[in-house]
Amino acid sequence: MPVHNAEIADLFERLGNLLELEGANPFRVRAYRAAARTVRGYPESMADLVGSGADLHQLPNIGGDLAGKIQTVVETGRLPLLEEIESRVPGQLSDLMAVEGLGPKRVRTLYDELHIRSVEDLRRAATSGRIRALPGFGEKTEQKIIAGLDNLSVRKGRTPLPEAEETARSLVAWLEACKGVREVTVAGSFRRRKDTVGDLDMLVVAGKRSGVMDRLRSFDEVREVVSAGEKRATVLLRSGMQVDLRVVAGVSKGAALLYFTGSKPHNIAIRRLAVDRKWKLNEYGLFRGKRRIAGRTEKEVYGRLGMAWVPPELREDRGEVEAAKRRRLPKLVRLEHIRGDLHCHTSATDGRLSIEKMARAAAKMGYRYLSINDHTRHVTVAGGLDADKLLRQIEAIDRLNERVDGITILKSSEVDILEDGSLDLPDDVLRHLDFTVCAVHYGFGLSREKQTERILRAMDNPCFNILAHPTGRLIRERAPYAVDLPRLMEGARERGCVMEVNAHPARLDLNDEGCRMARDAGVRVVISTDAHSDSDLRYLRFGVDQARRGWMTAEDVLNTRGVRALKQALRRS
DNA sequence: GCCGTTTTCGGCCCGACTGTTTTCAGTCG
């Protein structure tokens, strides 16, 4: 079983934690964490890279030493340095650092003085009042540790973006109604439009003594105030989501927005640019000595640093800093560019509405076309269509096109890709469609090699046009199936096939990294909702978010084109 | 441990809040 990137990243994080506990050079600790971040987010598996003899040293934050360690982990499944350190200090100490308020120093003290080595040990010591007596600790710290242990189970992982939007909307409205508050913006990964959001980062522009901190405390959903000062506060909501609020004056708004939007690696990269000029960038502005030379808007700050304004979706330190310096940032696709949706279901299978109702809903949204993509026979749970039923649906669409004005209904299908790589309906049936959207719906457990071969074989069929939800992941429910995505991209490019960016909030598949990979490989995409009712058509914007995060322009997205150009672009040569 | 139009050494982003302290260390974002 090949080692997964996440496992390597976990080992590096663990090692970083333990080194920090031992009082190692903080920059060395940081290097392990940076490497963990790189490995975790890298779109290709380290195991494959090592297998193909790639030069890991080329990856950001990976030098000669860590390249060697990655290779060792891939080949042996072990990290000798970690084992060596764990022989001196128990490995579980790394877990204790996840408790709020506990960092390396305190965990070290707890271990040295009270031999606390696990979460269970910690709770026993805290509830029996033994922690308050330690030097540097006290009664309040002890109480905080107990609360932190409770929150360990309350705090959820990351929240899907649409759910975070609900919370954000009501919280913004609540804060905006506060006297003295001039502006409320949600920053952080929310503003960067990541598919899931960790904490909600709220930036408030307000005068002194606005009372916004009290306003935040009195928000109905607040479960606990973690900390609250004059300028920043942290609260935990009942949902388990954490909110960080920051108050700034108008003169600092741009700098604060920049700082609070992140990402952290992006911030570090641009602060470094400031340092290069002997300036200083913080959340209050860009400073030359004590003089503020920029800060009111983001554009001003970027401009002073010699960069174009960077769209938040790109702020991940994945080449955007360099591109902004050279004024080479892509002109990202926008929702207004989209002219139609190319994946929806009707009541013929598992959708809720008729073809006509879906088409009229799409027309009302200003779309020029909508394609109908009901399942095929193998997907029995959805009542998939057989050849006869699909042919009858095609005729029905022809008739509807004659009487429904303002929109073209495109004839398509979500064709199941069978385990041997064949398509679920015969070619002479599929040829009656305007194009096909093909997908894997079972056999997720195939080996990476077999899954990749299966899909590539399906692409060999000239009737294959678009690969729907290419990795099959369901956010927080199902991991992507094992597949060689770079090879699929290459295969799609060679054959003139297209990738779907499935905009359904549970999927977002391709994700941002997948979009970037498609763009770099020269593969076009379509952004579609997989709608099962009219309201689902509104999901399209979430797909646009991920495409933007993947650096995509309107040119890269085929359903920004008119119907004729779309059909032309989908045609396989 | 990484990184490099001030390259192979000497840097490495910067500030707020809390609690325990009596001037600041630890933690966090």
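Residues numbered from 1 in each chain as written. Chains lettered and ligands numbered in written order. Predicted model: local features only at pLDDT ≥ 70, side-chain atom pairs only at ≥ 80, totals over all residues. Heavy atoms only, no water.

## A look at the overall build of chain A
Using the following cut-off: Helix and strand assignments follow DSSP, with helices taken as H or I runs no shorter than four residues and strands as E runs no shorter than two, numbered in order from the N terminus. Throughout, a residue-residue contact means that at least one pair of heavy atoms, one from each residue, lies within 4.5 Å. Each accessible area is a Shrake-Rupley estimate made with a 1.4 Å probe; only the visible protein chains count as cover when residues are assessed.
Summing up its helical and strand segments, chain A has 24 helices and 18 strands in all. Expressed as lengths along the three principal axes of its C-alpha atoms, the size of chain A is roughly 80 × 60 × 50 Å. Across chain A, contacts joining residues at least 24 apart in sequence account for 68% of those joining residues at least 6 apart. Approximately 26,100 Å² of chain A is accessible, and the part contributed by carbon and sulfur atoms is 48%.

## Brief notes about the sheet that holds strand β18 (residues 525–528)
Just so we agree on the cut-off: When DSSP finds at least two bridges between two strands, those strands are taken to pair.
With parallel pairing, 5 strands are arranged side by side in an open sheet as β14-β15-β16-β17-β18. The open sheet has two edge strands with one neighbour each: β14 (414–416) and β18. Relative to strand β16 (residues 466–467), strand β15 (residues 437–439) is paired through 2 bridges, and the arrangement is parallel. Its bridge partner lying in β16, V437 is registered against I466.

## A closer look at a positive patch on the surface
This is how the line gets drawn: Each patch is built from residues that are more than 30% exposed by relative accessible area and take part in no salt bridge. Like charges join if they lie within 9 Å; nonpolar side chains (Val, Leu, Ile, Met, Phe, Trp, Tyr) join within 5 Å. Just to be clear on terms, a salt bridge is a Lys or Arg side-chain nitrogen sitting within 4 Å of an Asp or Glu carboxyl oxygen. Positive charges are assigned to Lys and Arg, negative charges to Asp and Glu, while His and the chain termini are left out of the count. Each charge is placed at NZ for Lys, CZ for Arg, CG for Asp and CD for Glu. Any residue under 20% of the maximum accessible area for its type is buried, any over 50% is exposed, and the rest in between are partly exposed; the area is computed with a 1.4 Å probe on protein chains only.
Side chains of R30, R37, K264 and R272 sit close together on the surface and give a patch of like positive charge. Looking at the positive patch, the elements with two or more residues in it are α2 (26–41) and α14 (264–276). Within the element layout of this structure, K264 appears in helix α14. Looking at K264, the relative accessible area reads 61%, which means it is exposed.

## Looking at the protein's contact with DNA strand B
For clarity, the cut-off: Neighbouring residues are identified by heavy atoms, a residue being near a molecule or strand if any of them is within 4 Å of it. In the analysis that follows, any N or O atom pair within 3.5 Å is treated as a polar contact, provided that within protein one partner can donate a hydrogen and the other can accept it, and provided that, for residues neighboring in sequence, both atoms belong to side chains. Under the scheme applied, nonpolar residues are Ala, Val, Leu, Ile, Met, Phe, Trp, Tyr, Cys and Pro; charged residues are Asp, Glu, Lys and Arg; polar residues are all the others, including Gly.
Around DNA strand B, a shell composed of 50 residues is seen, among which R30, N61, G138, K231 and R271 lie nearest. Backbone sugar and phosphate groups make up 79% of those atoms of DNA strand B lying within 4 Å of the protein. In this structure, N25 approaches DNA strand B through a side-chain N or O atom, which is 2.9 Å from a base oxygen. The contact in question runs from a phosphate oxygen of DNA strand B to an N or O atom on the backbone of G103, over 2.8 Å. Counting only elements with at least two residues in the surface near DNA strand B, the list comes to α2, α4 (64–76), α7 (104–114), α9 (139–154), β5 (222–228), β7 (242–248), α14 and β8 (280–282). Of the residues contributing to the surface near DNA strand B, the split by class is 16 nonpolar, 13 polar and 21 charged.

## A closer look at the sheet that holds strand β11 (residues 340–341)
The criterion, for reference: Only C-alpha atoms enter the line fits that serve as axes; for helices the fit covers just the stretch in contact. Angles between N-to-C directions range over 0 to 180 degrees.
Strand order in the open sheet formed by 3 strands is β11-β12-β13, with parallel pairing between adjacent strands. The sheet is open, and its two edges are formed by β11 and β13 (408–411), each paired on a single side. The sheet contacts of helix α17 (residues 355–364) involve β12 (369–372) and β13, and relative to β12 the element is tilted by about 150°.

## Quick notes on the domain arrangement of chain A
Applied cut-off: Those domain boundaries reflect an automatic or database domain assignment.
What the domain assignment reports for chain A is domain 1 (5–154), domain 2 (159–248), domain 3 (269–325) and domain 4 (335–570). The centre of domain 1, based on its C-alpha atoms, is set 31 Å off from the matching centre of domain 3.

## Description of the pairing of β18
Each regular strand displays side chains that alternate between the two surfaces of the sheet. This is how it is decided: For crossovers, right-handed means that the path from the first strand over the helix to the second runs clockwise, given strands pointing away from the viewer.
Residues V525 and I527 line one face of β18 and the alternating positions V526 and S528 line the opposite face, and both faces are buried. Note that strand β17 (residues 498–502) and β18 share 4 bridges and pair parallel. The residue of β18 that forms the bridge with N502 is S528. Between β17 and its parallel partner β18, the chain crosses via helix α22 (residues 512–521), and the hand of that crossover is right-handed.

## Side note on helix α13 (residues 253–261)
Taking burial as the measure, the 9 residues of α13 include 7 buried ones, the bulk of the element. Considered for burial, the residues of α13 that qualify are G254, A255, A256, L257, L258, F260 and T261. Taken from the residues just after α13, G262 is the one with a positive phi, measuring 70°.

## Considerations on the side chain of S210
With respect to the element layout, S210 can be found in the loop between β4 (200–206) and α12 (212–217). On the basis of relative accessible area, S210 is assigned to the buried category, the value being 14%. Excluding residues that lie within four positions of it along the chain, S210 makes contacts with C178, K179 and G180.

## Considerations on α22
Within α22, 8 of the 10 residues are buried, leaving the element largely enclosed by the surrounding structure. Within α22, burial applies to D512, E513, G514, C515, R516, M517, A518 and A521. Buried residues along α22 sit in contact with α2, α21 (485–495), β17, β18 and α23 (540–549). If you check the start of α22, you find a side-chain oxygen 3.2 Å away from the backbone N of E513, and it comes from N511. Remark: G522 follows α22 within two positions and exhibits a positive phi of approximately 75°.

## Some remarks on the pattern of salt bridges
In total, this model carries 51 salt bridges according to the counting rule given. Notably, a salt bridge pairs D95 with R14, separated by 3.5 Å at the nearest N-O pair. Of the two residues, D95 is situated in helix α6 (residues 93–96) and R14 in helix α1 (residues 5–21); the sequence distance between them amounts to 81 residues. A relative accessible area of 36% places D95 in the partly exposed class. A salt bridge links E283 to R246; the nearest nitrogen and oxygen atoms lie 3.0 Å apart. In this pair, E283 is assigned in the loop between β8 and β9 (285–288) and R246 in strand β7, connecting sequence segments 37 residues apart. Pair check on accessibility: E283 and R246 agree, each one buried. One network of salt bridges, in which partners are shared, links R192, E316, R318, D512, E513 and R549.

## Quick notes on the side chain of T349
By the element assignment, T349 lies in the loop between β11 and α17. Under the relative-accessibility criterion, T349 is labelled buried at 12%. At a separation of 2.5 Å, a polar atom in the side chain of T349 contacts the side chain of D374. Excluding residues that lie within four positions of it along the chain, T349 makes contacts with D374, H375, A382, G383, G384 and L385.

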